[in-house]
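# Structure assessment
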Amino acid sequence: MLDLNSLAEFSRANCVSICAFLVPANLLATLLSIIFVALRRPSHHIWQAAGIASIFALMMVLHVYTWFMIGVVMAPTYILLWLAITCLLTNLGAILFKRYYAQISELRV
């Protein structure tokens, strides 16, 4: 059975290594989504890149919430939460922009 308390403790005990992986992973995966939109790649490529980036962002949100659970309210927790939410919104924006752009290009043809 999954013990969420042990998982949260693991997250807090390994914070530096988790953040050292998740911060660049969030930024690079979100940048890849933006690049795919700019290069007009097919929708399934954008969905795949945005999905992977969103998984990284959701993992960051859950990691930050483990710190909020024990009452740690500091600037790094808010900065990491802001980064994760920004990446989530950017990936959603990439998907919506591609969908809007595809509809516009269909109307022009």
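Computed from a predicted structure; not experimentally measured.

### Here's the deal with the overall build of the protein chain
Of the regular secondary structure elements, the protein chain holds four helices and zero strands. Rg of the C-alpha trace for the protein chain: 17 Å, well past the compact-globule value of 13 Å for 109 residues, more than 25% over. Expressed as a percentage of the 109 residues in the protein chain, the buried residues total 35%. Expressed as a percentage of contacts within the protein chain between residues at least 6 apart in sequence, the contacts between residues at least 24 apart total 72%. In the form shown here, the protein chain has an accessible surface area of approximately 7300 Å², with 74% of it arising from carbon and sulfur atoms.

### Let's talk about unusual backbone geometry
The phi angle at Arg40 is positive, at roughly 55°, despite the residue not being glycine. By relative accessible area, Arg40 is classed as exposed at 59%.

### Brief notes about helix α3 (residues 43-69)
Given a rise of 1.5 Å per residue, 27 residues ought to cover 39 Å, and the 38 Å separating the end C-alpha atoms of α3 matches this to within 8%. Once α3 ends, the next one or two residues include Gly71, with phi positive near 90°.

### Here we look at the packing of aromatic side chains
Tallied over the full model, the rule gives three aromatic pairs. Between Tyr65 and Phe68 the ring centres are 5.9 Å apart and the planes differ by 45°, which places this aromatic pair in the tilted class. In this pair, Tyr65 and Phe68 both sit in helix α3, three residues apart, roughly one turn of the helix. The partly exposed category is assigned to Tyr65, whose relative accessible area is 42%. Here Arg41 stacks its cationic end above the ring of Phe36, 5.8 Å away from the centre of that ring.

### Some thoughts on the confidence of the model for the protein chain
Here the protein chain averages 92 in pLDDT, and 95% of its residues register 70 or above. Confidence scores differ between elements of the protein chain, with helix α4 (residues 75-108) showing the lowest mean pLDDT of 89 and helix α2 (residues 15-38) the highest of 96.

### Digging into helix α1 (residues 4-13)
Where α1 is concerned, the buried positions are Ala8, Ser11 and Arg12. One face of α1 carries all of its buried residues, which in axial projection span an arc of 95°. The exposed set on the far side of α1, more than 90 degrees from its buried face, consists of Phe10 and Ala13. Tucked inside the fold, the buried residues of α1 contact α2 and α3.

Conventions we followed
Residues numbered from 1 in each chain as written. Predicted model: local features only at pLDDT ≥ 70, side-chain atom pairs only at ≥ 80, totals over all residues. Heavy atoms only, no water. Helix = DSSP H or I, 4+ residues; strand = E, 2+ residues; numbered from the N terminus. Rg over C-alpha atoms; globule rule 2.2 N^0.38 Å. Buried < 20%, exposed > 50% of the residue type's maximum accessible area, 1.4 Å probe, protein only. Contact = heavy atoms within 4.5 Å. Areas by Shrake-Rupley, 256 points an atom, 1.4 Å probe, with all protein chains shown as cover. Expected span 1.5 Å × (residues − 1). Phe/Tyr/Trp six-rings, centres within 6.5 Å; stacked < 30°, edge-to-face > 60°. Lys NZ or Arg CZ within 6 Å of the ring centre and 35° of its normal. pLDDT = per-residue confidence, 0-100. Arc of directions from axis to C-beta.

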